[in-house]
Amino acid sequence: MKRLLIIGPYCETGGISVHIRRLVRLLTTEFDVRVIDESRLKFSDGKTFNLRSKNFIEYIGLIYNSDVVHIHTSINWVRFLHVLMSKVLWKKVIVTLHSIMHVENKKYNVLLRSSLALANKTIVVNKKIKSEIGGVSGVVMPAFLPPVLENEDELPKQLEHILSKNKQKRLLVSNAYRLDWHNGNDLYGFDLLLEVAKTIKEKGIDLFIVLIISSVEENDPLLIKYNELIQKESLGATVVILPYSISFVKLILKSDMVIRATNTDGDSLTIREALHLKKPVIASDVVKRPNGTILFKNRDSGDLYAKIVANIDRPSSSTEPSSIDYKEIYSNLILN
């Protein structure tokens, strides 16, 4: 059995982490899988080797005792370190690039280009990333892997109580790994959704918005600002922000619509999960989206509101056929 080492933020709460955990579960019957976790120590499960422990000997040992090293790292110099160490130890190296932010404006970054030149194979989650990396021959493979619902945690009681309290309203949901900025704006577009909440209140429409932030510091200034806005505008009956990680898949199942308002993106796991679970999903038009996605004009809260109202009752169909054998696809990518 081939020994596969996967490196990335395994215990974090964002889309890359979800992808890695599902990939590990998917491939455990085909490979002897080990993991190097890059998550912050507060997310560590205490069982998986964490790079931030700074145990360099164990780090080298895990690479040495592998046949294939599959790297999902987003930080250029850390990715280059993994690739270089793996090649020094004569290992096959696969690099996956999950987001355009990992490569845009970095086309001539020496560490990025050196990492991709040294790697045996590069996987990118969409064609825009492939275009950005120029002459590198990248395999386009969306990051989506179907969720295993029985492995998903139940929703917390606080959230269940909020949903029950607003059960007469149609439910809109959106999520963010963390509050962050890109090109001078809220990356995940929560500010747009708060503008939409104002309009919903003004129009008296029975819609309720739940915004999830998986990882946030206690005194995050943007979160404080948003919560103050909700209080000032009396939006508590229209929108709530919950600053902790949940099974977003379970929330999607209870929702009427999913929204992805980011001002940049890779291949959004959230969008594909919504389509897979047959929920209508609205997303910004910043990148090519999967078939079935409803697009709104990026950074335009008026257009977002209009698309919500026009499509809230629209039926959705899956764009992820169950006949796809993801295990075979990834096994072939790793072995060939």
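Thresholds applied
- Residues numbered from 1 in each chain as written.
- Predicted model: local features only at pLDDT ≥ 70, side-chain atom pairs only at ≥ 80, totals over all residues.
- Heavy atoms only, no water.
- Helix = DSSP H or I, 4+ residues; strand = E, 2+ residues; numbered from the N terminus.
- Rg over C-alpha atoms; globule rule 2.2 N^0.38 Å.
- Buried < 20%, exposed > 50% of the residue type's maximum accessible area, 1.4 Å probe, protein only.
- Contact = heavy atoms within 4.5 Å.
- Areas by Shrake-Rupley, 256 points an atom, 1.4 Å probe, with all protein chains shown as cover.
- Lys, Arg positive; Asp, Glu negative; His and termini not counted.
- Charge placed at Lys NZ, Arg CZ, Asp CG, Glu CD.
- Phe/Tyr/Trp six-rings, centres within 6.5 Å; stacked < 30°, edge-to-face > 60°.
- Lys NZ or Arg CZ within 6 Å of the ring centre and 35° of its normal.
- Salt bridge = Lys/Arg side-chain N within 4 Å of Asp/Glu carboxyl O.
- Axes fitted to C-alpha atoms, helices over the stretch in contact; angles between N-to-C directions.
- Parallel < 35°, antiparallel > 145°, perpendicular 65-115°, else oblique.
- Left-handed = near helix turned anticlockwise from the far one by under 90°.
- Nonpolar A, V, L, I, M, F, W, Y, C, P; charged D, E, K, R; others polar.
- Pairing = 2+ DSSP bridges.
- Right-handed = clockwise from strand over helix to strand, strands pointing away.

## Considering the overall build of the protein chain
So, step 1. Broken down by element type, the protein chain carries twelve helices and 15 strands.
So, step 2. Relative to its length of 336 residues, the protein chain is compact, with a C-alpha radius of gyration of 20 Å against a globular reference of 20 Å.
So, step 3. With respect to the principal axes defined by its C-alpha atoms, the protein chain has extents near 65 × 40 × 40 Å.
So, step 4. Split into buried and exposed, the 336 residues of the protein chain put 54% on the buried side.
So, step 5. Within the protein chain, residue pairs in contact and separated by at least 24 positions form 70% of the contacts whose partners lie at least 6 positions apart.
So, step 6. Accessible area for the protein chain stands at about 15,700 Å²; split by element, carbon and sulfur atoms hold 51% of it.
So, step 7. Taking the 46 positively charged and 37 negatively charged side chains of the protein chain as two groups, their mean positions are separated by 3 Å.

## Some words on the environment of Val249
So, step 1. Considering the arrangement of structural elements, one finds Val249 in helix α9 (residues 248-254).
So, step 2. According to the relative accessible area criterion, Val249 is buried, its value standing at 3%.
So, step 3. Taking the C-alpha atoms as reference, Val249 lies 8.6 Å from Leu277; in sequence the two are 28 residues apart.
So, step 4. Dropping the residues within four chain positions of it, Val249 is found in contact with Arg22, Pro147, Leu149, Glu152, Glu273 and Leu277.

## Some remarks on the packing of aromatic side chains
So, step 1. The final tally for this structure, using the stated rule, is two aromatic pairs.
So, step 2. Taking 6.2 Å as the distance between ring centres and 75° as the angle between the ring planes, the aromatic pair formed by Phe144 and Tyr326 counts as edge-to-face. With Phe144 in the loop between β7 (138-140) and α6 (157-165) and Tyr326 in helix α12 (residues 326-335), this residue pair connects regions lying 182 residues apart in the sequence.
So, step 3. On the accessibility criterion, Tyr326 (9% relative accessible area) is buried.
So, step 4. Its end group placed over the ring of Tyr64, Lys91 keeps NZ or CZ at 5.4 Å from the ring centre.

## Observations regarding the pattern of salt bridges
So, step 1. Applying the stated criterion across every chain, the model contains 18 salt bridges.
So, step 2. A salt bridge links Asp67 to Arg3, with the shortest nitrogen-to-oxygen separation between them at 3.1 Å. Linking Asp67 in the loop between α2 (56-64) and β4 (68-71) with Arg3 in strand β1 (residues 3-8), this pair joins segments that are 64 residues apart in sequence.
So, step 3. Since its relative accessible area comes to 31%, Arg3 is described here as partly exposed.
So, step 4. Beyond isolated ion pairs, a larger network of salt bridges with shared partners links Glu12, Arg40, Lys42 and Glu217.

## Regarding the packing of helix α7 (residues 190-203) against helix α11 (residues 301-311)
So, step 1. Running from N to C, α7 and α11 cross one another at 55°; their axes reach a closest spacing of 9 Å. As summarised for this structure, α7 and α11 are arranged oblique, according to the angle between their axes. Where α7 crosses over α11, the two elements pack in a sense that is right-handed. Within the contact between the two elements, α7 uses Leu192, Leu193, Glu195, Val196, Thr199, Ile200 and Lys203 and α11 uses Ser301, Leu304, Tyr305 and Ile308.
So, step 2. In terms of residue class, the contact of α7 with α11 is built from seven nonpolar, two polar and two charged.

## Re the pairing of strand β11 (residues 207-213)
Here is the key point about a regular strand: its side chains alternate between the two faces of the sheet.
So, step 1. Burial analysis of β11 places seven of its seven residues in the buried class, which makes it a mostly covered element.
So, step 2. Side chains Leu207, Ile209, Leu211 and Ile213 of β11 all project onto a buried face; the interleaved residues Phe208, Val210 and Ile212 project onto the opposite face, where all are buried too.
So, step 3. Bridge analysis of β11 against strand β12 (residues 239-242) gives four bridges, and the strand direction is parallel. Across the sheet, Ile209 pairs through a bridge with Val239, a residue of β12.
So, step 4. A crossover connection joins β11 to the parallel β12 through helix α8 (residues 221-232); in handedness this β-α-β unit is right-handed.

## Focus: the packing of α2 against helix α3 (residues 76-88)
So, step 1. Here α2 crosses α3 at 60°, and the two axes come no closer than 10 Å. Comparing their axes, α3 and α2 come out oblique. As α2 packs across α3, the resulting crossing turns out to be right-handed. Facing Phe56, Tyr59, Ile60 and Ile63 of α2, the residues of α3 in contact are Leu81, His82, Met85 and Ser86.
So, step 2. Considered class by class, the residues forming the contact of α2 with α3 number six nonpolar, two polar and no charged.

Geometric descriptors of this kind do not, in isolation, establish any biological role.
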